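As a plain string of letters, each chain reads:
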Amino acid sequence: MILAVCLALLALVFFVVRKNVGPALLAVIAGVAVYQMFGVALAGQINTWITGWDLWWIEKILYFLLVLVFPLLLYLRSPRGGRGGILRVVEAGVFAVLLTALLARPLSEIVGFDSLAVDISNWIAGVEGYVVMAGIAFAYLDILFYKREY
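Quick caveat: nothing in here was measured; it's all calculated off a predicted structure.

Analysis parameters
Residues numbered from 1 in each chain as written. Predicted model: local features only at pLDDT ≥ 70, side-chain atom pairs only at ≥ 80, totals over all residues. Heavy atoms only, no water. Helix = DSSP H or I, 4+ residues; strand = E, 2+ residues; numbered from the N terminus. Expected span 1.5 Å × (residues − 1). Bend = angle between axes of the 7 residues up to and from the residue. Buried < 20%, exposed > 50% of the residue type's maximum accessible area, 1.4 Å probe, protein only. Contact = heavy atoms within 4.5 Å. 1 Å grid on protein atoms, 1.4 Å probe; cavity = no way out; pocket = protein on both sides within 12 Å on 5 of 7 lines; lining within 4 Å. Points joined across faces, edges and corners; volume = space filled by probe spheres on them. Nonpolar A, V, L, I, M, F, W, Y, C, P; charged D, E, K, R; others polar.

## Examining helix H3 (residues 55–77)
- Relative to the 33 Å expected for 23 residues at 1.5 Å per residue, H3 spans 31 Å between its end C-alpha atoms, a close match to the ideal helical length.
- A maximum bend of about 40° is found in H3 at leucine 65.
- Along H3, the residues that are buried comprise Ile58, Glu59, Lys60, Leu62, Tyr63, Phe64, Leu66, Val67, Leu68, Pro71 and Tyr75.
- On its buried face, H3 sits against helix H1 (2–17), helix H2 (22–49) and helix H4 (86–110).

## Considering helix H5 (residues 115–144)
- Taking 1.5 Å per residue, 30 residues should reach 44 Å; H5 reaches 40 Å between its end C-alpha atoms and fits that length.
- At valine 127, H5 shows its largest bend, some 60°.
- Burial in H5 covers these residues: Ala117, Ile120, Ser121, Ile124, Glu128, Val131, Val132, Gly135, Phe138, Ala139 and Asp142.
- Structurally, H5 contributes buried residues whose contacts are with H1, H2 and H4.

## What about the layout of surface pockets?
- For the largest pocket, the calculated volume is near 350 Å³.
- Lining the largest pocket are 20 residues, with Tyr63, Leu102, Arg105, Pro106 and Glu128 sitting closest to its centre.
- At the level of secondary structure, the elements contributing two or more residues to the lining of the largest pocket comprise H2, H3, H4 and H5.
- The biggest single contributor to the lining of the largest pocket is H4, with seven residues.
- Classifying every residue of the lining of the largest pocket gives 12 nonpolar, three polar and five charged.

## Quick word on the environment of valine 111
- Here valine 111 shows up in the loop between H4 and H5.
- Take valine 111: its relative accessible area is 30%, and that puts it in the partly exposed class.
- Measuring from C-alpha to C-alpha, the distance between valine 111 and isoleucine 2 comes to 8.6 Å, with 109 residues separating the pair along the chain.

See the structure below:
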């Protein structure tokens with residue numbers, strides 16, 4: 001249930017706020033890449049500075065910062081724009097599905113999933129590569145065809 005709520009909430013936020021999503025989508029992908037390359041080492045270094053925290057929690061917090069928090073801040077600070085009509089729904093859906101797909105695994109480790117969330121998580125695991133590729137393609141298209149509203 002938590003993944004369905006996460007997906008619906010993110011889609012609603014992205015639909016209502018109506019900002020330019022291209023840079024934020026690329027920031028999400030960059031956050032995943034940076035975490036995969038340096039996340040564990042950086043979490044270990046942070047664990048040496050803050051000895052009272054468990055390394056597992058530092059890794060999860062770092063992942064959420066790189067994949068969710070920083071891209072959302074970039075999204076909220078981006079100029080007003082985005083598509084209209086059905087493309088706006090698709091834009092919000094792609095961004096919400098991409099974030100949900102990338103957050104499903106860490107969320108499953110933090111919060112126990114019910115049967116619906118497990119089903120959604122299994123489905124996401126099967127299409128995650130396609131979702132990431134669609135997010136990248138949509139981000140580039142959004143940046144290429146960005147049109148300011150005055």
